[in-house]
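Below, each chain spelled out in residue letters.
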Amino acid sequence: MSGAGGVCGRYAPSPSGRMHLGNLCCCLLAWLSAKSKGGRVILRIEDLDAERCPRRFADLLEDDLAWLGLAADEGGRAGGPAGPYYQSERAEIYKHYYDILAARSLVYPCFCSRNQLHAASAPHRADGQVVYPGTCRGLAPAAAAAKAARRAPAWRVQVPEEEIAFTDGHLGPYRENLARDCGDFILRRADGVFAYQLAVVVDDALMGVTEVVRGADLLASTPRQLWLYRELGLPAPRFYHLPLLLAADGRRLSKRDGDQSLENLQARYTAEEIIGRLAFVCGLRPAPDPCRPQELVADFDWDKVPTQDIRLPEGLF
Ligand code: GLU
């Protein structure tokens, strides 16, 4: 395991396009949270879906972070002791941990299609996904082999009927019953790619990450991940989930939202203007004046950051 001790944060972007303001906000707060504790920051590129996340987007993202004054201390192109830092190059590592769960008979093949699952009128999870109803869990080995001859299965991990509770560093207490609220989840896709839930746990642990700062859309993934940390005997980080940044009209920002992508922002604002405006909407500064990330370190405090979704004021960007 890497890490010289002390606080270690990370950015874990999936570079499927240019960053938007929500991604930037997340990077800024991850950087500030770690730096305000004297820590360091790792850049891990979450390009498990290598086709959707070509290397040129990862390279652009690194250039953008440097331009903003948010370059990571370790990872990305520069590498470091816990590399590789591109998930697309870490399949062997994920396989090792996947095999630990498989050897305990916790993993089973699942032949359900997305359409079947949605048609099953199963309850929905907090993140909008369907709670897997367990259709393939009890499949006899012979039946599974017959199905596998026709269609490659995805691989799910069987979760217990257990309440997982934790206290988010920003949003407070959160709990979920794994079997009831989440259901057995996918560890490996039918095309052989390991799933985000497994990769993120293995990577954060092996890279020595002590705190994870990310969007509140991943809050509901955290109990699953905490359970995986425990089952794999890996140390779990502290979590801080950020409210989502919404456009002035209340819509969620997305990479398709051209206006808020870094490409367009760069044409209109300096790096200091972008950071200053973001710091303002995050409650870190009383006015949207230009500033550098470094200037925000001394006064950074999670208590200043809103816990409800943040709507960008009209005309700010
Ligand atoms: N790669 C994920 C994203 O870009 C973030 C995962 C995480 O922070 O755990 O949304």
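Above this note sits the structure.
My aim in this report is to walk through the structure given alongside it, one point at a time. (Residues numbered from 1 in each chain as written. Predicted model: local features only at pLDDT ≥ 70, side-chain atom pairs only at ≥ 80, totals over all residues. Heavy atoms only, no water.)

1. A look at the site of the ligand
Around the ligand sit Arg 10, Ala 12, Pro 13, Ser 14, Glu 46, Tyr 196, Val 200, Arg 214 and Leu 218, and that is every residue in its neighbourhood. Residue Ala 12 places a main-chain N or O atom 2.7 Å away from a nitrogen atom belonging to the ligand. Between an oxygen atom of the ligand and a side-chain N or O atom of Arg 214, the distance comes to 2.9 Å. The protein chains hide 77% of the 300 Å² of surface that the ligand would expose on its own. The residue inventory of the shell around the ligand, partitioned by class, reads 5 nonpolar, 1 polar and 3 charged. (Near = heavy atom within 4 Å. Polar contact = N/O pair within 3.5 Å; in protein donor to acceptor, adjacent residues only side chain to side chain. Areas by Shrake-Rupley, 256 points an atom, 1.4 Å probe, with all protein chains shown as cover. Nonpolar A, V, L, I, M, F, W, Y, C, P; charged D, E, K, R; others polar.)

2. Here's the deal with the sheet that holds strand E1 (residues 8-11)
Strand order in the open sheet formed by 3 strands is E1-E2-E3, and the pairing between neighbours is parallel. Bordering the open sheet on either side are E1 and strand E3 (74-75), each of which pairs with just one other strand. By the bridge criterion, 4 bridges tie E1 to strand E2 (residues 40-43) in an arrangement that is parallel. Bridging across to E2, Arg 10 finds its partner in Ile 42. (Pairing = 2+ DSSP bridges. Helix = DSSP H or I, 4+ residues; strand = E, 2+ residues; numbered from the N terminus.)

3. Here's the deal with helix H10 (residues 271-281)
Of all 11 residues that make up H10, 8 are buried, and the element is covered over most of its length. Within H10, the full set of buried residues consists of Ala 271, Ile 274, Ile 275, Gly 276, Arg 277, Leu 278, Ala 279 and Val 281. For H10, the elements touching its buried residues are helix H1 (21-35), helix H2 (55-68), strand E11 (245-246), helix H9 (262-268) and strand E12 (310-311). Gly 283 lies just past H10 and shows a positive phi near 80°. (Buried < 20%, exposed > 50% of the residue type's maximum accessible area, 1.4 Å probe, protein only. Contact = heavy atoms within 4.5 Å.)

4. Side note on the pattern of salt bridges
Evaluated as defined, the whole model comprises 25 salt bridges. Here Arg 40 and Glu 74 are joined by a salt bridge, their closest N and O atoms 2.5 Å apart. Remark: Glu 74 occurs in strand E3 and Arg 40 occurs in strand E2; sequence separation between them is 34 residues. We classify Glu 74 as buried; its relative accessible area is 8%. When the shortest N-O distance is used, the salt bridge between Asp 49 and Arg 189 registers 3.7 Å. Placement of Asp 49 in the loop between E2 and H2 and of Arg 189 in the loop between strand E8 (185-188) and helix H7 (196-206) is noted, with a sequence separation of 140 residues between them. By relative accessible area, Arg 189 is classed as partly exposed at 30%. Members of the salt-bridge network, linked through shared partners, are Arg 10, Arg 44, Glu 46, Arg 90, Asp 203 and Asp 204. (Salt bridge = Lys/Arg side-chain N within 4 Å of Asp/Glu carboxyl O.)

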